[in-house]
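Letter by letter, the chains look like this.
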Amino acid sequence: MAAPTISAPAGSPFIGSPITHVVTSVSLEGEVAFHRLNLKANVSMGGYGSNSFTFSAPIYNGGESVTFDVASALRAIADQFTYTANTTSFPTIAWNLEAWDEYMIDGEYFETGHTTAGSWTAIMGACSDLERIISGGGKSVSVFTRKPSTLPEIVAVGETMVCPNSTSAQSVGHATGQSCELVNITSEGMQTIHGKKVYALPAQTLDRYQFRFVNTLGVVESISLTSLREMEINCTQDNYIKAVQETFGNPSRAIVVKQNDYESWKLTTPPLDEAWLSWYAHEFLMSKQCWVKISTYWIPCHIIPEDTVSGVKRTDGSFISLAFTVQLDINGSPMPELMI
């Protein structure tokens, strides 16, 4: 019996964007009660196991072509990967496919032959909507940071930058992986690091914070800034009445349970031009995983933008800073001086 055909993948190497295959069903003769096309994706990620996911679509006329987006199956496996502030290499996700038709004629169930195809690989991250619109049906990538070059990035001596590495072009189904490099800042002044202009200030610690976060391209990168902070503690409390055997001198009394004393810091960015403003707004403020360095420890946190993020003032073309809140993902004080 004939078998369906499977096309090569289309899209980009990022699992956060659609990765599609076109599968063409077989043509059948006779009165068909039902006809369904199935596509099974066998997905694996090195060291994290594997799983299979089946997609189905009804067929109304034999020989139809159906487009399947397998990116959701790839993300289901990729979600097992755990990022840390010191992660420097990131896995590829591999998949192969198996397609077949199933149908019923004269009350009898049949399956066609099974077609197999693959193996392909993909990487973490996603293309932006603008990149998808401009690129059309597919896009190759070789750079894994969106930091602009309009102004030098400001760092300080003694800090460590996380710089995503560039690669040869990686296309859909033929991804080779991502990595980043930890670069120690040891000298002051203007310098070029990984092709980007960087200006290093003298070593300082007062109100200067280093952040590492997972960018939209699926790679850990860093940013540091100087900002006066406003600290808030968000503590919840519940009031209860403790019931006791009462006497004249011992009535029931109230009990207060306090918890969730996590800290929130209000910070601002340095003065930004339009390109860096857009990068902070759409990369840093939108990050889903982030860490801030306190003393020598990387503390998990998340970034909370203001309800409305104001952009460049077109009336005078002035630089502007963005205000945001850093909420620590730990209870209690983050200060090492209070540890026992």
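Before reading further, recall that the structure is shown in the block above.
Every value quoted in this text rests on a predicted model; they were computed, and no experiment measured them.

**Student:** Could you give me a rundown of a nonpolar patch on the surface, with the residues and numbers involved?
**Tutor:** Together, Leu-130, Ile-133 and Ile-134 give the surface a local cluster of nonpolar side chains, amounting to about 370 Å² of exposed area. Position of Leu-130 among the secondary structure elements: in helix H2 (residues 129-135). A relative accessible area of 56% means that Leu-130 is categorised as exposed.

**Student:** Describe the pairing of strand S16 (residues 208-214), listing the residues and the values that go with them.
**Tutor:** Most of S16 is tucked away, with seven of its seven residues classed as buried. The alternating pattern of S16 places Arg-208, Gln-210, Arg-212 and Val-214 and Tyr-209, Phe-211 and Phe-213 on opposite faces, both of which are buried. With seven bridges joining them, S16 and strand S17 (residues 220-226) adopt antiparallel strand pairing. Paired with Val-214 across the strands is Val-220, a residue of S17. For S16 and strand S20 (residues 290-294), the ladder comprises three bridges, and the chain directions are antiparallel. The residue bridging Phe-213 from the neighbouring strand is Cys-290, located in S20.

**Student:** Describe the pairing of S17, listing the residues and the values that go with them.
**Tutor:** Burial analysis of S17 places six of its seven residues in the buried class, which makes it a mostly covered element. Count of turn residues in the S16/S17 antiparallel hairpin: five residues, of which Gly-218 carries a positive phi of about 80°.

**Student:** How would you explain the packing of aromatic side chains if you had to name every residue and give the values?
**Tutor:** Considering all chains together, one arrives at 17 aromatic pairs under this definition. An angle of 55° between the planes, with centres 6.4 Å apart, marks the rings of Phe-55 and Phe-68 as tilted. Of this pair, Phe-55 sits in strand S5 (residues 50-58) while Phe-68 sits in strand S6 (residues 65-69); the two residues are 13 residues apart in sequence, bridging distant segments of the chain. By the burial criterion, Phe-55 is buried, and Phe-68 matches it.

The rules behind the values
Residues numbered from 1 in each chain as written. Predicted model: local features only at pLDDT ≥ 70, side-chain atom pairs only at ≥ 80, totals over all residues. Heavy atoms only, no water. Patch = residues over 30% accessible without salt bridge, like charges linked within 9 Å, V, L, I, M, F, W, Y side chains within 5 Å. Areas by Shrake-Rupley, 256 points an atom, 1.4 Å probe, with all protein chains shown as cover. Salt bridge = Lys/Arg side-chain N within 4 Å of Asp/Glu carboxyl O. Helix = DSSP H or I, 4+ residues; strand = E, 2+ residues; numbered from the N terminus. Buried < 20%, exposed > 50% of the residue type's maximum accessible area, 1.4 Å probe, protein only. Pairing = 2+ DSSP bridges. Phe/Tyr/Trp six-rings, centres within 6.5 Å; stacked < 30°, edge-to-face > 60°.

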